[in-house]
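# Geometric and topological summary
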Amino acid sequence: MTLTVPSTTPATALTGHDPLRKSPLDAALRRLDETALLLGLDDGLRAMLATPRRSLTVSVPVRRADGRTDVVQGFRVQHSTVLGPARGGTRFAPSTDLREVTALAMVTTWKHALAGVPYGGARGGVRVDPASLEARELERVTRRYVNEIMTITGSDGEVPAPDPDSDERLAAWMADSHSVQHSVQPAFPAPGEAVTTAFGVAAAVLRASGTRRGRTVAVHGSGETARLTASHLAREGCRVVAASGGEAFDVLVLAAPVTVDQVRRVRAPLVAEAVDGPLSPEADLVLAEAGTVVLPDVLTGAGGVLASRPDLAGRCFDTVAATAAERGITLRQAAWAVAVGRVAQAHGARF
């Protein structure tokens, strides 16, 4: 299958938003605005899709080994449950906040909808650097966080888990803390999340790039998702190399954020997002102007959800590619259109 990048309309012409907004939530809302306009959704439904069902901010005490007690913030957002129970990972990072977690929860809703699985989108966050804590301190934070967010996770069958690249210990502590009060086994074992995410990225890359053997793939970033994606592609005959500025590759896999200046130096006809939001909307415009095809996180993440079914992952890509060709839009716009359309249809059936 040959993919082409259609000419794009500046975001300001579609939504009136400033294309230089940097917040992940701003970017998610702007893309939702564009999608709502594309689908002809009314303002009330667009507002419903933009508003999380539940948001929670909690205070998590950190009892240090030397007796000191610090307090960090934790967050949990359930964006939508119209298609099924909300699910999604938890990010432990010193920079995370409620707006970022809200954006991630929204994108998770679209991933599940695009994959056609009966789940809604949720995400969590703890504003702490795990590397700054001793093992026992990190365990206390993790368990206390799970207990604090139980007010919204315990009622809908949601089992919190860490993000794909997190330490496997976090998954065990979160699952155990949840099962103490609810005799429920995790619905999605987090230690395998990096594996399924990497599968989704690799499946989308292979479907989009056609002939596999001999293609040069550069991976930007580190972590389990980056490593496993590279491993998947290497087994399929791709030549995996380290990313470097200005060098030409057949495919560039983004497992870490990139700046607009870095994007301007990209010399690859195909770019795949392996993590949430490595490309800002303005970076998207730069790549579109250069004629670069972008496999968005919503699409690659949907493939990850379907990791046990390669045929369904391929079918998911084909649906998005067909929508892009039919409407003359980018793969990102098509992925959002399909996913948002499905959630909007479910809302219309219920309200």
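Each value, and the rule that gives it
Residues numbered from 1 in each chain as written. Predicted model: local features only at pLDDT ≥ 70, side-chain atom pairs only at ≥ 80, totals over all residues. Heavy atoms only, no water. Core = buried A, V, L, I, M, F, W, Y, C linked by side-chain atoms within 4.5 Å. Buried < 20%, exposed > 50% of the residue type's maximum accessible area, 1.4 Å probe, protein only. Helix = DSSP H or I, 4+ residues; strand = E, 2+ residues; numbered from the N terminus. Contact = heavy atoms within 4.5 Å. Pairing = 2+ DSSP bridges. Axes fitted to C-alpha atoms, helices over the stretch in contact; angles between N-to-C directions. Parallel < 35°, antiparallel > 145°, perpendicular 65-115°, else oblique. Left-handed = near helix turned anticlockwise from the far one by under 90°. Nonpolar A, V, L, I, M, F, W, Y, C, P; charged D, E, K, R; others polar. Polar contact = N/O pair within 3.5 Å; in protein donor to acceptor, adjacent residues only side chain to side chain. Phe/Tyr/Trp six-rings, centres within 6.5 Å; stacked < 30°, edge-to-face > 60°. pLDDT = per-residue confidence, 0-100. Salt bridge = Lys/Arg side-chain N within 4 Å of Asp/Glu carboxyl O.

## Describing the nonpolar core
Counting 57 residues, the largest nonpolar core has Trp110, Leu114 and Leu295 as its most contacted members. Considering every element that reaches this core, the biggest residue donor is helix α14 (residues 331-350), with 10 residues. Beyond its immediate chain neighbours, meaning those up to four positions away, Leu114 contacts Val298, Leu299, Ala302, Cys316, Val320, Ala335, Val338, Ala339 and Arg342. Counting residues in each nonpolar core, the second largest holds 19 residues, with Phe92, Val126, Tyr145 and Met174 among its members.

## Digging into helix α11 (residues 281-289)
For α11, a buried count of seven out of nine residues is recorded, marking the element as mostly surrounded by other parts of the structure. In the stretch just after α11, Gly291 is the one whose phi turns positive, near 80°.

## Some words on the sheet that holds strand β10 (residues 270-273)
Taken in spatial order, the five strands line up as β8-β7-β9-β10-β11 in an open sheet, and their pairing is parallel. In the strand order of this sheet, the two ends are held by β8 (239-242) and β11 (293-295), each with one partner. Within the sheet, the average angular offset between the axes of one strand and its neighbour, ignoring direction, is 25°. In terms of strand pairing, β10 meets β11 through three bridges, oriented parallel. In the strand pairing of β11, Val271 is matched with Val294. With respect to the sheet, helix α8 (residues 193-209) is in contact with β9 (251-254), β10 and β11, its orientation differing from that of β10 by roughly 160°.

## Observations regarding the side chain of Thr229
Here Thr229 lies in helix α9 (residues 224-235). Residue contacts for Thr229: discarding those within four places in its chain leaves Ala198, Val201, Ala202 and Val253.

## Notes on the packing of helix α2 (residues 24-39) against helix α3 (residues 43-50)
Packing of α2 against α3 leaves a shortest axis separation of 11 Å and a crossing angle of 150°. Judged by the angle between their axes, α2 and α3 are roughly antiparallel. Here the hand of the crossing between α2 and α3 comes out right-handed. Facing α2, whose interface residues are Leu29, Leu32, Asp33 and Ala36, α3 presents Arg46, Leu49 and Ala50. Of the residues contributing to the contact of α2 with α3, the split by class is five nonpolar, no polar and two charged.

## Here's the deal with the side chain of Asp163
Secondary-structure assignment places Asp163 in the loop between β6 (161-162) and α7 (168-181). One polar contact links Asp163 to Arg123, side chain to side chain, over a distance of 3.0 Å. Not counting residues up to four positions away in its chain, the partners in contact with Asp163 are Gly89, Thr90, Arg91 and Arg123.

## Things to note about the packing of aromatic side chains
Inspection of every chain in the model, using the stated rule, returns one aromatic pair. With a centroid separation of 5.9 Å and an interplanar angle of 55°, the aromatic rings of Trp110 and Trp336 are classed as tilted. A residue pair is termed long-range when its members are at least 10 positions apart, and Trp110 in helix α4 (residues 98-115) and Trp336 in helix α14 qualify at 226 residues. The exposure class assigned to Trp110 is buried, which follows from its relative accessible area of 0%. The buried category is assigned to Trp336, whose relative accessible area is 3%.

## Some points on the confidence of the model for the protein
Segments scoring low in pLDDT should not have their predicted coordinates read at a detailed level. Mean pLDDT over the protein works out to 86, with 87% of the residues at or above the 70 mark. Note on residues 1-21: pLDDT under 50 across the span, and 41 contacts to partners over four residues away in sequence or across chains. Predicted confidence for residues 186-191 stays below pLDDT 50, and this span has 13 contacts to residues more than four positions away or in other chains.

## Some points on the environment of Leu45
Tracing the backbone through its elements, the reader meets Leu45 in helix α3. As a C-alpha pair, Leu45 and Gly348 span 303 residues in sequence and 8.5 Å in three-dimensional space. Those residues in contact with Leu45 that sit more than four places away from it in its chain are Ala344 and His347.

## Focus: the pairing of strand β1 (residues 54-63)
By the bridge criterion, 10 bridges tie β1 to strand β2 (residues 69-80) in an arrangement that is antiparallel. Following the sheet pairing, Arg54 is matched in β2 by Gln78. Taking the residues that link successive antiparallel strands as the turn, the β1-β2 hairpin has five residues, and the phi of Gly67 there is positive, at about 100°.

## Here we look at the pattern of salt bridges
Under the counting rule described, the total for this entry stands at 22 salt bridges. In this structure, the salt-bridge partner of Asp33 is Arg46, at a minimum N-O distance of 2.9 Å. Of this pair, Asp33 sits in helix α2 while Arg46 is found in helix α3, placing the two residues 13 residues apart along the sequence. Asp318 is the partner of Arg207 in a salt bridge, and the nearest nitrogen-oxygen pair spans 2.6 Å. Here Asp318 lies in helix α13 (residues 310-327) and Arg207 lies in helix α8, a separation of 111 residues in the sequence.

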